[in-house]
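Fold and contact review
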Amino acid sequence: MKKYKNQTLLLLIIALFILPFFLNSYWLDVLTLVLFYVVLTQGLNIVVGYTGLLDLGYAAFFAVGAYTTAILMTTFHWSFWLTLPVAFLFAVIAGVIIGTPTLRLRSDYLAIVTLGFGEIVKILATNLEITGSASGIYGIPRPAIGSYIMSTQKDFYYLILIVAILSIIAVYRLGRSRIGRAWIYIREDEDAAEAMGINRIRLKLLSYASGAVIGSIAGSIFAVKMSAIAPLSFSFLQSVMILLAVVLGGLGSIPGVVIGAVLVIVLPELLRGADDWRHLIFGVSLVAMMIFRPQGIWPSKNGTEDATDMDENGKSNDPNQSMSV
Amino acid sequence: MSLLTVKDLKLQFGGLLAVNDLSFTVEKNSISSIIGPNGAGKTSVFNMITGFYRPTGGEIELDGISLINKKPSQITKLGMARTFQNLRLFPNLSVLDNVKSGMHCRTKQAVWGALFQTKSQQEEERLIEKVALDCIEFVGITKNMKRSAKNLPYGAQRYLEIARALATKPKLLLLDEPAAGLNFEEKQYLIQLIRRIRDEFSITVLMIEHDMALIKEISEHITVIDYGWKIAEGTPEEVLKNEKVIEAYLGKEEVV
Amino acid sequence: MEIIFQILIDGLVIGAFYSLVALGYTMVYGIIKLLNFAHGDLYMMGAFIGFTFLSIFTGDGGVNTGLLGVGIVFIGTMVIVGLLGMGVERIAYRPLLLAPRLSILITAIGVSLSLEYTSMIGWGASYKVYPIILPNDGLQILGTQITFAQIGMILLSALLMLGLRLFIDKTIYGKAMRAIALDQTACSLMGVNVHQIIALTFFIGASLAAGAGIMSGIYYGTINFMMGFIIGLKAFTAAVLGGIGNITGAMLGGLVLGVIEAFGTFYFGGSWKDVLAFGILILFLVFKPTGILGAKEMERM
Ligand SMILES: Nc1ncnc2c1ncn2[C@@H]1O[C@H](COP(=O)(O)OP(=O)(O)O)[C@@H](O)[C@H]1O
Ligand SMILES: [Mg+2]
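Here, residues in each chain are numbered from 1, in the same order as that chain's written sequence. Working convention: letters from A go to chains and numbers from 1 go to ligands, in the order in which they are written. A pLDDT threshold of at least 70 governs which residues receive local features in this predicted model, and a stricter bar of 80 or more applies before side-chain atom pairs are shown or counted, although totals over entire chains, interfaces and linings include all residues. Hydrogen atoms and water are omitted, and side-chain values are computed over all heavy atoms in the structure.

If you check an unreviewed UniProt entry, chain C appears there as Branched-chain amino acid ABC transporter permease from Cytobacillus citreus. The heading Sequence similarities (unreviewed entry) in the UniProt record of chain C holds the text "Belongs to the binding-protein-dependent transport system permease family. LivHM subfamily." In its Subcellular location (unreviewed entry) section, the UniProt record describing chain C reads: "Cell membrane". UniProt positions are given in the numbering used here, feature names are shortened, and annotations may be inferred rather than shown by experiment.

Chain A is annotated in an unreviewed UniProt entry as Branched-chain amino acid ABC transporter permease of Cytobacillus citreus. The record held by UniProt for chain A lists under Subcellular location (unreviewed entry) the comment "Cell membrane".

Written out as structure tokens, the structure reads:
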């Protein structure tokens, strides 16, 4: 069983590497977008899936990465690669700024505060001069590897593919480590987690910062791929779409979240012509999913092997779960 | 020698004085109990000792270290573990993962180790697993190891909570009504378990319990509280003869 | 001085809208501890349904609907949106009452999206011009022009809020609401039809939001399918400001927020006023989550 799983994964990765040679440029673009979403959803998966903190402003971290790279490359003429550590740093700072005052809040307050922060970031981007106001930043240069300038669709496809694979490995490994387990304990029952010696504030912050870093890397690459960015890409709707992918796929489940990302991007492409309907369909499916299958399409098993483990994450019916002291 | 010292402890909820000038000590290596009618303030005392409630006044010391203004997680790290009156397991996680939580405060790998699967990370993971397995075996639920906590029989859930607490390697273990909901055989098993915890690991046990037979059998020292006040303390024989104690319990029965 | 008074009046009018929407938030929260993210969208629905009715009444773009006509439109819209609110509760929230908070919050976002894009599909994405033009006459008070329309809005809001206050204080339903907020289990044991009362709460909250929606349509002149998003956040801020779960607090919070925002807009410019509101929200949630009037919340282990 385990052996086949590895082989399937290997085949899938090989397929992803040779796929660009068989796709037209339209579908290659769609696939690239899917991979951006894979990275973003993995980041959000840490925060919402593992730690159980509802973040409705995740696009803000995407924005931090994108704007940091864009500003450093246009105004200060930095190399793309050098902007990455700075974006990393800013993402951590943003995560901590948002996290520190809010992590003591109950889950629903936290959700709305993150939403507020997300909007504030968007308003800042829309109004500040350094972020190019409403029209954003354009003419972002192409990144170079040695003397090779990355400019084709395929170049960016491979870049984001590699980052997506790395982020999946990272999130997978974190989830099975001492830190990742602590996040999951907090999600399951934060008082009990605290009683077991887990400093919930510190670990929630770490969760935020880790999610933020992954989001910001996606943002940095997004900036150089598009070569122009504007506040519109970092709206509440963007945050909701990323969240939707995580929820549809299965909170805390890595394959689930990848499937979620594929669905959220590819489905609307298949439903072309029904463009207006797509957000409505997404809204309804969020509701339906929570009612009928809260654990998602490919739920996480949390390492359990129950014979009859049908109801998962979503419905533990533990009224104490959302309590805190 | 006393391991835990509680002095003049006070707790107020709005107008309600839940705990009032409570003082008691717990001797090292003893099995002690707090008893009292429902609503007497017993759980509140545990919550203050473990840092979940901030006392309105008073002093709490574990092994000479003050616990006032410390977070529950810090207190756990100092060597205190607890169970909850209404089970607070991690419901969707396996028994093994539940117990691994206890080792969090005894280990230190962070993000770096996880990402790069360093050697020390892997060693630590093995250690965590070993300790968890030992604790699971100690309470006797090994066959349920991979099941999720919420699907265990009730008795096993109680033992699991104890195993999880043991995995923090405490000096003092607080059990909040550990026998509640257990049948006769399970209670006998629990008695053995508590004895073994003290005898084999030298862990001091302080518990809240309603089952007098159980308390009489294993408890060496009892503190009785009623309406937040301490009304008696001593050995089981002394306390159960005490008039105030009888009154507190009978009085309660009259109301029922 | 005049200018300050003018800003104050503007702030009170906007604040009255916030109050009306905040009431729904606070009532639902008080009774089932649910943050109904979709609440702002019920306000939007009110604005659009009212728009459709008014358009039918006035023919194409006519102006003179008459006070009676407007009154009928108000009531009709409030009832329809009230029912919509009940429907949302029945379909989306009731099945999840026992589920973890995360699930319900996500559901609420789903409902919000659904309402917004239903409206977009039904009425289109562009701004709609409200088929009523307000007369500009009014009174001169302290050297400031206050239109009759503004006075009307404030009075109408006050009337609705007074009605609500009386309903909650004096009727058996109001009593049941307060009882459920305290202890739901005890209520169902005592024979209170809990689901019915919760449904009623949604009905009232939604219809108040709808009323505010029409008023804002009339007041600002244009409406859009996304108009509920920001006001939802603002109303939530107002509810938090006043102490969430507290009816009087929500009314007060709305007015306070409206006035603060009006002054903020005057001093810092319109593009920053949302930052101001969210800033207040965050500060309150972090430092005084119980708001100005909220009771202290106690949680148990
Ligand atoms: N978080 C709290 N908020 C308000 N009152 C509380 C809280 N926790 C406990 N109480 C009150 O304190 C008193 C003691 O409760 P508790 O410590 O749980 O009693 P016991 O465990 O002895 O049954 C009770 O009257 C209870 O209602
Ligand atoms: Mg108790």
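Bringing the overall build of chain C into the picture now. Secondary structure elements are taken from DSSP: a helix is a run of H or I of four residues or more, a strand is a run of E of two residues or more, and numbering for both begins at the N terminus. Secondary structure assignment for chain C yields eleven helices and four strands. Taken across its 301 residues, chain C has 54% of its residues classed as buried. The criterion used for residue contact is that any of the two residues' heavy atoms lie within 4.5 Å. Long-range pairs, those at least 24 residues apart, make up 78% of the contacts in chain C between residues at least 6 apart in sequence. When charges are tallied, Lys and Arg are placed among the positive residues and Asp and Glu among the negative ones, while His and the ends of the chain are skipped. In plain terms, the charge of a residue is placed at NZ if it is Lys, CZ if Arg, CG if Asp and CD if Glu. Between the centroid of the 14 positive side chains of chain C and the centroid of its 13 negative side chains there is a distance of 12 Å. The buried label applies to any residue whose accessible area, calculated with a 1.4 Å probe on protein chains only, is under 20% of its type's maximum; exposed applies above 50%, and partly exposed to all values in between.

Residue and element names in this part refer to chain A. Taking the UniProt record as the reference, the feature "transmembrane region" (unreviewed entry) is found at residues 9–28, 86–103, 156–175, 205–224, 236–267 and 279–298. With 100% helix and 0% strand, residues 156–175 has its two end C-alpha atoms placed 28 Å apart. Along residues 236–267 the backbone is 88% helical and 0% strand, and the end-to-end C-alpha distance reaches 20 Å.

Residue and element names in this part refer to chain C. A pair is scored as a salt bridge if a Lys or Arg side-chain nitrogen falls within 4 Å of a carboxyl oxygen belonging to Asp or Glu. Scanning the entire structure with this criterion turns up 24 salt bridges over all chains. As a salt-bridge pair, Lys234 and Asp274 come within 2.8 Å of each other at their nearest N and O atoms. One end of the pair, Lys234, is in helix H9 (residues 227–242); the other, Asp274, is in helix H11 (residues 273–287), and 40 residues separate them in sequence. Taking relative accessible area as the criterion, Lys234 reaches 1% and is therefore assigned buried.

For Na, K and Ca the donor cut-off is 3.2 Å, while for other metals it is 2.8 Å, and in both cases only N, O and S atoms qualify; water is not among them, so sites may look incomplete. Taken together, the protein ligands of the magnesium ion (ligand 2) are Thr43 of chain B (OG1) and Gln85 of chain B (OE1), with distances of 2.0 to 2.1 Å. Note that Thr43 of chain B is positioned in helix H1 (residues 42–49) and Gln85 of chain B in the loop between strand S6 (80–82) and helix H3 (95–100), a separation of 42 residues in sequence.

H1 of chain B sits mainly inside the fold: eight of its eight residues count as buried. Phi for Gly51 of chain B, located one or two positions after H1 of chain B, is positive at around 90 degrees.

In this section: the packing of helix H2 (residues 39–58) of chain C against helix H4 (residues 101–123) of chain C. Residues and elements named next belong to chain C. Axes here mean lines fitted to C-alpha atoms, for a helix over just the part in contact, with angles spanning 0 to 180 degrees between N-to-C directions. The N-to-C vectors of H2 and H4 enclose an angle of 20 degrees; their axes lie 9 Å apart at closest approach. Viewed along their axes, H2 and H4 adopt a mutual orientation that is roughly parallel. As H2 packs across H4, the resulting crossing turns out to be left-handed. Taken together, the residues of H4 that come into contact with H2 (itself represented by Asp41, Leu42, Met44, Met45, Phe48, Ile49, Phe51 and Thr52) are Ser112, Leu115, Glu116, Ser119 and Trp123. Under this scheme an angle from 65 to 115 degrees is roughly perpendicular, one under 35 degrees roughly parallel, and one over 145 degrees roughly antiparallel; angles in between are oblique. Handedness of a crossing is defined here by the sense of rotation of the near helix relative to the far one, left-handed for an anticlockwise turn of less than a right angle and right-handed for a clockwise turn.

Quick look at the confidence of the model for chain C now. Summarising the model, chain C shows a mean pLDDT of 87, and 95% of its residues fall at 70 or more. With pTM at 0.89, the complex prediction returns an ipTM value of 0.94. Note on scores: pLDDT gives the predictor's confidence for each residue, bounded by 0 and 100.

This part takes up the interface of chain A and chain B. In this complex, chain A contributes 41 residues to the contact, which on the side of chain B involves 43 residues. The quantity reported as buried area is the accessible area (1.4 Å probe) lost by two parts once they are put together, taken as the sum for both. Sorting the residues of chain A by area buried against chain B places Arg178, Tyr185 and Met196 of chain A first, and these three jointly supply 23% of that buried surface. Counting across the chain A and chain B interface gives three salt bridges. In this structure, Arg181 of chain A engages Glu125 of chain B in a salt bridge whose closest nitrogen and oxygen atoms are separated by 3.1 Å. Any N or O atom pair separated by 3.5 Å or less is treated as a polar contact, with the protein-specific requirement of one donor-capable and one acceptor-capable atom, and with residues adjacent in sequence counted only for side-chain atom pairs. Linking chain A with chain B are twelve residue pairs in polar contact (both at pLDDT 80 or more). Contributions of two or more residues to the side of chain A that touches chain B are made by helix H6 (153–175), helix H7 (178–188), helix H8 (190–195) and helix H9 (200–226) of chain A. The biggest single contributor to the side of chain A that touches chain B is H7 of chain A, with eight residues.

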